[in-house]
Amino acid sequence: MVTPSFNHIQGKNGSHWNRLMREEKAKEYCIVAIDAAMVCTIYGDILQEPFEFDGSMTDYQLMKKHIDATCEAYSLSQVIVGIETTAHYYEDIVRFCMDEGYIVRILNAATTARERETVLNYTKTDRVDLMAIVQSLLHGRGGTSVEKAMPVHRTIQTLIRQFE
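Residues numbered from 1 in each chain as written. Predicted model: local features only at pLDDT ≥ 70, side-chain atom pairs only at ≥ 80, totals over all residues. Heavy atoms only, no water.

Draft legend 1. A look at the nonpolar core. One finds Val32, Ile34, Met63, Ile67, Val79, Val81 and Cys97 to be the most contacted residues of the largest nonpolar core, which totals 24 residues. Of all elements in the fold, only strand S1 (29-34), strand S2 (37-41), strand S3 (46-51), helix H2 (57-74), strand S4 (78-84) and helix H3 (89-100) reach the threshold of two or more residues within this core. Here this core takes six residues from H3, the largest share from any one element. In this structure, Ile80, Ile103, Leu107 and Leu137 belong to the second largest nonpolar core, which totals 17 residues. (Core = buried A, V, L, I, M, F, W, Y, C linked by side-chain atoms within 4.5 Å. Buried < 20%, exposed > 50% of the residue type's maximum accessible area, 1.4 Å probe, protein only. Helix = DSSP H or I, 4+ residues; strand = E, 2+ residues; numbered from the N terminus.)

Structure below.
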């Protein structure tokens, strides 16, 4: 039992990610790393070999078919998507994934770069990038997307970008 003095400063007991991974159903979750795309378990075991993904709606639908097939084949109930904040294409993918009901974890590209440096000695390929994303997620790095992005947020984001 955790005593109140060890709770987070805001009164929460652990992060959203820690609570998610402690659930009984955690074994039924899969992680989808997006750089190319790859589906694996929460233990890092690859269920769907990496496949090319360019961020277009057509490729998103292809990725969704791969995810659905993998979830059905392995009786998985929840999809957790990990994606780096590279370029601008990731924002649409995050929106599509959130609309689909997936949990989205957004990672800073510097985080995965550090993971690559630490473990894989400066190698850079899609497969290595995907495993760096998975390992970063498994270590609890990144932020979890909120439930359904607010339309006001998108409006503000659009206005801010006009002045960049």
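Once the structure has been displayed, the description carries forward.
Draft legend 2. Layout of the pairing of S3. Pairing of S2 with S3 involves three bridges; the strand directions are antiparallel. Residue pairing across strands places Val39 opposite Gln48, the latter belonging to S3. The antiparallel pairing of S2 with S3 creates a hairpin that spans four residues between the two strands, and Gly44 there sits at a positive phi of about 90 degrees. (Pairing = 2+ DSSP bridges.)

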